[in-house]
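Results of the structural survey
Here is how the chains run, residue by residue.
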Amino acid sequence: MSRVARAVTVRASAKINLHLGVGAARADGFHPLDTVYQAIGLHDDLTVVAGTSGRIEVEVASYIDDAGVPRGGGNIIDAASLALARHHMRPVLADYTLRKTIPVAGGMAGGSADAAAALVALDRLHDLNTSDADLLALAAELGSDVPFALIGGSAHGTGRGELVRPLVDRGTWWWVVVPNREGLSTPAVYRHFDVLHPDASPTPPSAVPVIEALASGSPLKLGRALRNDLQEPALDLRPELGALLSRGEMAGALRGLVSGSGPSCIFLCDSAEAARAVADDLRAHHDVVLIATGAVAGAHVLP
Ligand code: C5P
């Protein structure tokens, strides 16, 4: 196949935080985190072809407002292309098609997934052979969640979330996901955390209970251990999410939780059957209710 006609498609998945322990803001404004990430089966696919326009064609799932996806220089995909270009001291250009199913501004790291997909796709398209360590370092520059989007699976995150290591995970976890048409700003939710917790410890709460629950494979244990310190500020900003969380738990979910900084909500269920029952119940009140399993792979080239 000629280089010119070559297309590379990379799939990158949504993340949820099974534990999001947040400490007091650091001097650089970021919050120290002790977090457990899981990649789940909702994904964005990015196709890159040889070209120099940098144009991004965007196709979105019915529940995503494509006006929320920045184009024309402001997309994190452009930042990924620039980061690779600086690293290799050569232009790293392409034309893009992005197919999104990860909610935008939903607390599921959709932008970070796109950045990770761009790093992997551009590296392959241009035969750059960037080492894994360098890709992870470039990913960390692009955003706190981007290194996790590269590795996927279930992982422990520290620092501002960018230092990741894979975890032992013996379960197949069933999640019901309820996205929200109206996104929430991550910085706004962190700022509200600061208002609610002016005396937060610089050391974030430990993720050990969730790490142990993942290793046990028990949904009951994981349900009891789930924790998100951004849930309280997110619910304060969007009180209607409280009723959704209660409804999902009444319908049989082991636990309902705000995903990351929200407003997407996730519900852990103990089987595929239970997930279908919870999803059916929630569909009476919400247009879009999805089912996803975790853990799934990080950003990878599709055949
Ligand atoms: O790293 P990222 O660009 O995804 O972060 C977006 C914003 O979220 C930051 O500008 C900051 O306001 C907030 N944030 C934070 N602490 C973190 C991660 C993100 O305060 N650990």
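A short tour of the structure in this document, coming up. Small disclaimer: the values here were computed from a predicted structure and weren't measured.

The next thing to look at is the overall build of the chain. Secondary structure summary: the chain contains 10 helices and 12 strands in total. Here the C-alpha atoms of the chain give a radius of gyration of 19 Å, agreeing with the 19 Å that 2.2 N^0.38 yields for 303 residues. Seen through its principal axes, the chain has C-alpha atoms that stretch 55 × 45 × 35 Å. Put simply, the chain has 303 residues, and 52% of those count as buried.

A word on the nonpolar core. Ranked by internal contacts, the top residues of the largest apolar core, which has 64 residues, are Leu18, Val48, Trp175 and Leu222. Sort the elements by how many residues they give to this core and helix α2 (residues 110-125) lands first, with 10 residues.

With that out of the way, let us pick up the pattern of salt bridges. Counted according to the given criterion, the structure contains nine salt bridges. Across the salt bridge formed by Asp28 and Arg26, the nearest N and O atoms sit 2.8 Å from each other. Salt-bridge contacts for Arg99 lead to Glu59; the nearest nitrogen and oxygen are separated by 3.3 Å. Within this pair, whereas Arg99 is found in strand β4 (residues 95-100), its partner Glu59 is found in strand β3 (residues 56-60), the two being separated by 40 residues in sequence. Classification of Glu59 by relative accessible area gives partly exposed; the value is 42%. Residues joined in a network through salt bridges with shared partners are Asp44, Lys100 and Asp114.

This part covers the site of the ligand. Lining the immediate surroundings of the ligand are Gly29, Phe30, His31, Leu33, Gly143, Ser144, Arg160, Thr186, Pro187 and Tyr190. Within the side chain of His31, an N or O atom sits 2.7 Å from an oxygen atom of the ligand. Contacts to the ligand include Arg160, whose backbone N or O atom sits 3.0 Å from a nitrogen atom. Expressed as a share of its isolated accessible area of 450 Å², the protein-covered part of the ligand is 73%.

In a packed pair of helices, the relevant descriptors are the angle between the two axes and the axis-to-axis distance. Relative to each other, helix α1 (residues 76-88) and helix α3 (residues 132-142) sit at 135°, their axes nearing to 10 Å. Between α1 and α3, the angle falls in the class oblique. Every pair of crossing elements has a handedness; the one defined by α1 and α3 is right-handed. Within the contact between the two elements, α1 uses Ile76, Ala79, Ala80, Ala83, Leu84, Arg86 and His87 and α3 uses Asp134, Leu138, Glu141 and Leu142. Residues that form the contact of α1 with α3 fall into these classes: seven nonpolar, one polar and three charged.

Let's shift gears to the side chain of Asp45. With respect to the helices, strands and loops of the structure, Asp45 is situated in strand β2 (residues 33-49). Here Asp45 falls in the buried class, since its relative accessible area comes to 12%. At a separation of 2.9 Å, a polar atom in the side chain of Asp45 contacts the side chain of Arg11. For Asp45, the contacting residues outside a window of four places in its chain are Thr9, Val10, Arg11, Thr97, Leu98, Arg99 and Leu302.

Let us look at the environment of Gln38. Topologically, Gln38 is positioned in strand β2. Sequence spacing of Gln38 and Ala155 is 117 residues, and the spatial spacing of their C-alpha atoms is 6.6 Å. At a separation of 3.0 Å, a polar atom in the side chain of Gln38 contacts the side chain of Ser154. Side-chain polar atoms of Gln38 contact the side chain of Asp169, separated by 3.3 Å.

Calculation criteria
Residues numbered from 1 in each chain as written. Predicted model: local features only at pLDDT ≥ 70, side-chain atom pairs only at ≥ 80, totals over all residues. Heavy atoms only, no water. Helix = DSSP H or I, 4+ residues; strand = E, 2+ residues; numbered from the N terminus. Rg over C-alpha atoms; globule rule 2.2 N^0.38 Å. Buried < 20%, exposed > 50% of the residue type's maximum accessible area, 1.4 Å probe, protein only. Core = buried A, V, L, I, M, F, W, Y, C linked by side-chain atoms within 4.5 Å. Salt bridge = Lys/Arg side-chain N within 4 Å of Asp/Glu carboxyl O. Near = heavy atom within 4 Å. Polar contact = N/O pair within 3.5 Å; in protein donor to acceptor, adjacent residues only side chain to side chain. Areas by Shrake-Rupley, 256 points an atom, 1.4 Å probe, with all protein chains shown as cover. Axes fitted to C-alpha atoms, helices over the stretch in contact; angles between N-to-C directions. Parallel < 35°, antiparallel > 145°, perpendicular 65-115°, else oblique. Left-handed = near helix turned anticlockwise from the far one by under 90°. Contact = heavy atoms within 4.5 Å. Nonpolar A, V, L, I, M, F, W, Y, C, P; charged D, E, K, R; others polar.

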